[in-house]
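Given next are the chains, with one letter for each unit.
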Amino acid sequence: MATILFYILGFTALAATLLCITRRNPVHAIIYLVNALFALALLFYLLGAPLVAAWEVIIYAGAIMVLFLFIIMMLELAPDQEIKGPGWLRWGPVLLLSLVLLACTVLLMVADPGSSQEVPAYYASPRTFGYALFKQYALAVEIVSFQLLFAAVGAYYVGRPEQRKKPKGGTP
Amino acid sequence: MIVPLTHVLAFSGALFFLGLACVLARRNLIMILIGVEIMINGAGLALAGGSAFWQNIDGQILVILLMALTSAEVSISLAMVVYLQRRRGTLEANAYNEMHG
Amino acid sequence: MNPNLLFLILLLPLCGALINGLFGLRLPRALRGAVAVGAVAASFASVCLLWPLAAGEGTRTILGTWLASGNLRADFGLLFDPLSAAMALMVTGVSTLIHLYAVGYMHKEADTARFFALLNLFVFAMLCIVLADNLLLLFLGWEGVGFCSYGLIGFWYAKVENAAAGRKAFLVTRVGDVFFAIALLWLFAALGQLGIPEINALAPQLSPTAVTAIALLLLAGACGKSAQLPLMTWLPDAMAGPTPVSALIHAATMVTAGVYLLCRLFPLVSLSPTAMTAIALVGAVTALYAASCALAQREIKRVLAYSTMSQIGYMFIGVGAGTVSGAMFHLTTHAFFKALLFMGAGCVIHLCHEENDIYRMGGVARRSPLVFALFLAGALCLAGLPFSGGFFSKDGILLAAYAQGDGWFRLIWLLGLASALLTSLYSFRLLLLVFAGEPREKVHKHHLPGLMRWTLPPLALLGLFGGLFNLPPAYGGGERLHHWLGSLAGSLPVVDHAREFQLAALAGGLFLLGAVIAWWRYRRFPGEQPSALKNFLLHGWQADAVVEWSLLKPFRAIGRFFWEGLDRTLIEGVLHTLAGGAMREGETLRRWTNGRLSTYLSGFAWGLLALLLWFLLVLAKSAGPPHT
C-alpha cells in the first residue's frame, strides 16, 4: 500500500514540478510548486518523518511560497516579462543536459551494490526529533537562529525605502 | 520496507535536475529562484530517504536546518529582487551583464 | 737611399685624400686643388727619385704586419721592381697632369673637396695595386679603385642616371672581383703563400689543371676591371662622370689594372697555354666588338670609351701572346694618348657649351686650333700613324700574335688587323665630325681655362714620340722597356726583319684605308640616317638588353617569388593564419564572459556533467576490464 502511494506521490510531485517550471505566469508556477510541495510532504511522512512533513507544509509551502507570492504581486510583474523566445531552442539543450545528468546519476547509484536494498520502515516521533535537535544539534540551532537574524536585518536593509520623493514601501 | 533506496534517490535526482533545468532555461529572476527552491527540495527528499535507510534521525534534522536556511535565503533574495526591480525596472537575468568581458 | 721611403709613394696621396676628405670643406677652394695636385706630384717625384731602387731584382720593403694567423701572413709590403716601377711612374705622372687639368675643369664646381679626396684616394688605391708585394694588399687596392670609381662616376649623384651608372660599374666589376677572390683563395690553399714573388716562383708546383683554372679565374677578374667581354657593359655608361675621372680612371689607370694583374702573375699564367690563348682570344674579340660599336656612337666620350675597351683588348692579346713588355708598352702609350683624347674631349665639350653629341658639333677646329692640334695628335696615335708611339706599340702586339703561329693565334691576329682598320675608321670619323666643316649648332663664345689647355701638350709629345721607349731592333732601336723589365718581360716574337717590315706596312696601309673611307663618308656631314645596323652597334650589340633578359629579369623574378610567394604568402600567411586563428578563438571564448547569469549557470551545469562523467569513468575502469 505504502509502496503504491509512494510512487503516486512521487510522480505527482514530478508532474507538478514539470508544470511549474514551464509556466509563463509566475503566480501559476508558484501554485503548481505548492502542489508539488504538498506531495513531497506526504512523501516525507511515508519515509517516517512526520514532523518534517508538517514543517514542509507550514514553513515551505506556507511561508516561503506565500512570500514569493507577496513579492510577485507587489512587483506587479506582467506575464510577458518573459522573453518570447522559441521554446525548444531554449528548452531543448537544457532538458537534454538534465536527462544526461539524471542518467549519470542513476548509473552511479546502481553501481553501488548496496543500493538495491529496500528502505526499511522508519518512524521518528516528535519527541525523538526534539531530543536530537536540541541535544545533539543545539549549536546548529543557535547558529541558524543567528542566520535568521542576519537575514531579517539584511532583508530590511536591502529593501529599505529610498530617500527620495516617493518612498515605496517594501519590507517583508 | 517500501521502496528500494535507488528509487527514492531517483525521484530526488529527477526533482533536482528539474530544478536545474528551470534555473538554466528561465530568464526571469523569480523563476530562477523558484528553480533553486525545487533543487533544495530534491536534496531534502534524498536526505529523508537516507535517514530512513540508515535508521538515523540526522537526515531529518538536516532537512529542518535546510528549511530554516532556505527561508533566510529567500527573504534576502526576494528583498534584492525588489531592489533590482526598483532600480533597473526589469527582472530579466540577462539585463544584468555589467560584468561582461 | 732608404727603401722605406718607398712608402711615401703610397702615403702621400693617402694623406692628400685624408686632408681633403676630413678638412676639405674648411679649406679655401684653391687650397683643396693644391693639396691634391701636390700630393700626387710629390708621389711622382718620389718615384723618380727612388728609381734606382727598382733595377734588377727590385726592392722589397715591409711597413708592418697586416695579418698573421696560422699559415696566412700578409704584410703591408711593397715590391718595387722594374715592372711596378714603370707602371707607378706612368700612373703618378699621368695622374699629376690629370689632377692639374681637373683643377681647371672643376673651377665652377662647389663640391671639390669630395672630388679631390676621392681622386687622391683613387691614386692611393691604384698604387696599392701596382706596388703591392702580396695578393691581399693588391686585392685591397683592387677593391679600393672599384669603390673610388663608383664614387667618382656617380659624383653628380643628384641625377639618377649618374648614380645608376656608378652602381652598374661597381656591380659588374664586383662579378669579376669574385673570380679574382676565388683565385686568390685557391692560390693560398694550394701554395700557402700570398706573396707575389713567392707565388710566381712556386707556380710550377701546381698541377696543370689547377694552373689553367686559376689563370682563367684571374682572367675573369681582369675582365671585370678592364671592361672586356663579357663584363664590359659598365664602361660606356661610366662616362657619366666628370671628364678628368674618365681620363684618369677609364683610360689610363683602373682599366689597365686587369692587364697589370696578368703581367704581375705572368710566370703563373704563362704556364698554361689554354689560359694564354683564352686571354688573347678574349682580348681580340673585345677589340673587334668595341671598335665596331665605336663606329656608331654619338656621344664623344662614349666613342672614346669603346675605343679604350678595344685598345685594352690589344693589351690582352699582347699578354696572351706572351710579350709582357709589348703589353706594357701599349699600356703606357695608350695611357698617354687616351688621357690626352679624354682631356681634349673635355675641352671640346666645354667649347661647345656642354654639348656631347658629335652630330651637333662641327667646326671646332676653327674655334680653337690648339685643341684641334692636340686632339689630332691623340687621334693619330690611336689610329696608328706610322712611327708614332701608338703605331709601334700596336704593331709590336700584332707581331707577337703573328709570331705565335697558326691556329687560334692566326685568327687572333686577323681580328687584331680588322680592329686596327676599324680603329682608324672611327678615329677619323670622330675628327671629321667634331672638328671639320661648319658648326652645326649655334656657337657661343667660351673661354677655356688655361689649366685645361696647357696640361695637354706634354701628353701629346709623349704619345707621338713614345715609340722611343721600346723601339724594336728592326728600326734600330734599343728596346729599352724590354730590357728594363728584364726577366719579367716575357718572350719576344722571333720574326725576321723583312717579315716585320711587311707587317708594319700592312698596318700602315690599314691606317690609310681607314682614313680614306672616313674622309669619303664624313667629309660632309651625312646627316642622321638611322638604320637597324647603326642602332645595333649604338647599343653595344644590345649587350645591356642581353644582360637584362638573361640575368636581371630572372633575378628579379626570383626575388619577387621569394618576397611575395614565400615571404608574404607562406611565412606571413602562416603567421597571419595562426595569429588570426588565435584571435578568432579568443573572440569565441570571449563570448563566454558576457556577464549573463544564465551563461554562468550553464557553466555550472556543464561542470557538473563533467564531474559525473568522470566518476562514471572511474567506476567503469575499476569495475570494467576484468569482467567477472
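Note that the structure is a prediction, hence the values are computed from the model and not measured.

Caption draft 1: Examining the overall build of chain A more closely. The helix and strand tally for chain A stands at 6 helices and 0 strands. Starting at the N terminus and walking to the C terminus, you meet the elements of chain A as α-α-α-α-α-α. Looking at chain A as a whole, 38% of its 172 residues qualify as buried. Looking at chain A alone, contacts between residues at least 24 apart form 57% of all its contacts between residues at least 6 apart. For chain A, the accessible area works out to roughly 10,000 Å², and carbon and sulfur atoms hold 71% of it.

Caption draft 2: Molecular detail of the overall build of chain B. A tally of helices and strands in chain B yields 3 helices and 0 strands. Excluding contacts between residues fewer than 6 apart, the proportion of contacts in chain B whose partners are at least 24 apart in sequence is 53%.

Caption draft 3: How the structure looks around the confidence of the model for chain B. Residues and elements named next belong to chain B. Confidence along chain B averages 90 in pLDDT terms, with 98% of residues attaining 70 or more. Of all the helices and strands in chain B, helix 1 (residues 5-25) carries the lowest mean pLDDT, 91, while helix 2 (residues 29-53) carries the highest, 94. Across the assembled chains, the prediction reports ipTM 0.91 with pTM 0.70.

Caption draft 4: Quick peek at the interface of chain A and chain B. Taken together, the contacts link 86 residues of chain A with 68 residues of chain B. Contact between chain A and chain B buries roughly 7,100 Å² in total, counting both sides, with carbon and sulfur atoms accounting for 76%. Inspection of the region where chain A meets chain B yields 0 salt bridges. Our enumeration of links across chain A and chain B arrives at 11 residue pairs in polar contact (both at pLDDT 80 or more). Only helix 1 (2-21), helix 2 (26-46), helix 3 (50-75), helix 4 (87-111), helix 5 (126-136) and helix 6 (138-158) of chain A provide two or more residues apiece to the side of chain A that touches chain B.

Caption draft 5: Broad picture of the interface of chain A and chain C. The partner chain C presents 9 residues to the 8 residues of chain A that form the contact. In total, about 740 Å² of surface goes out of reach between chain A and chain C, with carbon and sulfur atoms giving 96% of it. Three residues, A:Leu97, A:Leu101 and A:Leu108, lead the burial of chain A against chain C; their summed loss comes to 62% of the area buried on that side. The interface formed by chain A and chain C contains 0 salt bridges. Taken together, the connections running from chain A to chain C amount to 0 residue pairs in polar contact (both at pLDDT 80 or more). Of the residues assigned to the side of chain A that touches chain C, the class counts are 7 nonpolar, 1 polar and no charged.

Caption draft 6: Highlighting the pattern of salt bridges. All names here are of chain C. Summed over all chains, the structure comprises 18 salt bridges over all chains. Of the charged contacts in the structure, one is a salt bridge between Glu-355 and Arg-360, with a shortest N-O distance of 3.3 Å. On the basis of relative accessible area, Arg-360 is assigned to the partly exposed category, the value being 37%. Each of Glu-143, Arg-174, Asp-177 and Lys-225 takes part in a single network of salt bridges with overlapping partners.

Caption draft 7: Structural detail: the packing of helix 3 (residues 82-105) of chain C against helix 4 (residues 112-131) of chain C. All names here are of chain C. For the pair helix 3 and helix 4, interaxial distance at closest approach is 10 Å and the crossing angle is 170°. Here helix 4 runs roughly antiparallel to helix 3, going by the angle between their axes. Contacts between helix 3 and helix 4 involve Ser-84, Met-87, Ala-88, Val-91, Thr-92, Ser-95, His-99, Ala-102 and Val-103 from the first element and Phe-115, Phe-116, Leu-119, Asn-120, Val-123, Met-126, Leu-127, Val-130 and Leu-131 from the second. Broken down by class, the residue content of the contact of helix 3 with helix 4 amounts to 13 nonpolar, 5 polar and no charged.

Caption draft 8: How the structure looks around helix 8 (residues 208-226) of chain C. Residues and elements named next belong to chain C. Relative to the 27 Å expected for 19 residues at 1.5 Å per residue, helix 8 spans 26 Å between its end C-alpha atoms, a close match to the ideal helical length. Burial analysis of helix 8 places 15 of its 19 residues in the buried class, the great majority of the element. At the C-terminal side of helix 8, Ala-227 shows a positive phi close to 55°.

Caption draft 9: Representation of a nonpolar patch on the surface. Residues and elements named next belong to chain C. Together, Leu-11, Leu-63, Trp-66, Leu-67, Phe-76 and Leu-140 give the surface a local cluster of nonpolar side chains, amounting to about 480 Å² of exposed area. Ranked by the residues each element gives to the nonpolar patch, the list is headed by strand 1 (residues 59-69), at 3 residues. Inspection of the secondary structure puts Phe-76 in strand 2 (residues 72-80).

Caption draft 10: Quick peek at the side chain of C:Ser84. Residue and element names in this part refer to chain C. Considering the arrangement of structural elements, one finds Ser-84 in helix 3. A distance of 2.9 Å separates a polar side-chain atom of Ser-84 from the backbone nitrogen of Asp-81. Those residues in contact with Ser-84 that sit more than four places away from it in its chain are Leu-79, Val-130, Leu-131, Tyr-260 and Arg-264.

Caption draft 11: Representation of the pairing of strand 2 of chain C within the structure. All names here are of chain C. As paired elements, strand 1 and strand 2 share 9 bridges and run antiparallel to each other. Among the inter-strand pairings, Ala-68 is bridged to a residue of strand 2, identified as Arg-73. As consecutive antiparallel partners, strand 1 and strand 2 are separated by 2 residues, and within that stretch Gly-70 has a phi angle of approximately 65°, a positive value.

Caption draft 12: A look at helix 6 of chain A. Along its 21 residues, helix 6 of chain A runs 30 Å from first to last C-alpha, staying within 8% of the 30 Å computed at 1.5 Å per residue. Buried-residue contacts for helix 6 of chain A involve helix 5 of chain A together with helix 3 (58-88) of chain B.

Caption draft 13: Main features of the environment of C:Thr455. All names here are of chain C. Secondary-structure assignment places Thr-455 in the loop between helix 20 (450-454) and helix 21 (456-465). The class for Thr-455 is buried, based on a relative accessible area of 4%. Separated by 112 residues in sequence, Thr-455 and Met-343 place their C-alpha atoms 8.9 Å apart. Dropping the residues within four chain positions of it, Thr-455 is found in contact with Leu-97, Leu-100, Tyr-101 and Met-343.

Caption draft 14: Structural detail: the nonpolar core. The biggest cluster of nonpolar side chains holds 178 residues, and the ones touching the most others in it are C:Phe80, C:Leu135, C:Leu218 and C:Ile300. In this structure, C:Ile300 is in contact with C:Ala345, C:Val348, C:Ile349, C:Asn356, C:Ile358, C:Met361, C:Phe375, C:Leu430 and C:Val434, ignoring residues within four places of it in sequence. Listed in part, the 94 residues of the second largest apolar core include A:Val141, A:Val144, B:Met31 and B:Ile34.

Caption draft 15: Representation of the packing of helix 4 of chain C against helix 5 (residues 135-153) of chain C within the structure. All names here are of chain C. The contact between helix 4 and helix 5 brings their axes to 7 Å, and the two run at 155°. In this view, helix 4 runs roughly antiparallel relative to helix 5, as classed from their interaxial angle. Handedness of the crossing formed by helix 4 with helix 5: left-handed. Each of Phe-115, Leu-118, Leu-119, Leu-121, Phe-122, Ala-125, Met-126, Cys-128 and Ile-129 in helix 4 lies in contact with helix 5, whose residues at this interface are Leu-137, Leu-138, Gly-141, Trp-142, Gly-144, Val-145, Phe-147, Cys-148, Gly-151 and Leu-152.

Caption draft 16: Region of the structure containing the packing of aromatic side chains. By the definition in use, this model includes 27 aromatic pairs over all chains. Here the aromatic rings of C:Phe139 and C:Phe180 are separated by 5.3 Å at their centres, their planes lie at 70°, and the arrangement is edge-to-face. Linking C:Phe139 in helix 5 with C:Phe180 in helix 6 (residues 160-191), this pair joins segments that are 41 residues apart in sequence. Both residues of the pair, C:Phe139 and C:Phe180, count as buried. Every member of this aromatic cluster is reached through a ring pair, and the members are A:Phe6, A:Tyr7, A:Phe11 and B:Phe11. The residue whose ring lies beneath C:Lys553 is C:Trp549, and the NZ or CZ to ring-centre distance is 4.5 Å.

Rules used throughout
Residues numbered from 1 in each chain as written. Chains lettered and ligands numbered in written order. Predicted model: local features only at pLDDT ≥ 70, side-chain atom pairs only at ≥ 80, totals over all residues. Heavy atoms only, no water. Helix = DSSP H or I, 4+ residues; strand = E, 2+ residues; numbered from the N terminus. Buried < 20%, exposed > 50% of the residue type's maximum accessible area, 1.4 Å probe, protein only. Contact = heavy atoms within 4.5 Å. Areas by Shrake-Rupley, 256 points an atom, 1.4 Å probe, with all protein chains shown as cover. pLDDT = per-residue confidence, 0-100. Buried area = accessible area lost by both parts, 1.4 Å probe. Salt bridge = Lys/Arg side-chain N within 4 Å of Asp/Glu carboxyl O. Polar contact = N/O pair within 3.5 Å; in protein donor to acceptor, adjacent residues only side chain to side chain. Nonpolar A, V, L, I, M, F, W, Y, C, P; charged D, E, K, R; others polar. Axes fitted to C-alpha atoms, helices over the stretch in contact; angles between N-to-C directions. Parallel < 35°, antiparallel > 145°, perpendicular 65-115°, else oblique. Expected span 1.5 Å × (residues − 1). Patch = residues over 30% accessible without salt bridge, like charges linked within 9 Å, V, L, I, M, F, W, Y side chains within 5 Å. Pairing = 2+ DSSP bridges. Core = buried A, V, L, I, M, F, W, Y, C linked by side-chain atoms within 4.5 Å. Left-handed = near helix turned anticlockwise from the far one by under 90°. Phe/Tyr/Trp six-rings, centres within 6.5 Å; stacked < 30°, edge-to-face > 60°. Lys NZ or Arg CZ within 6 Å of the ring centre and 35° of its normal.

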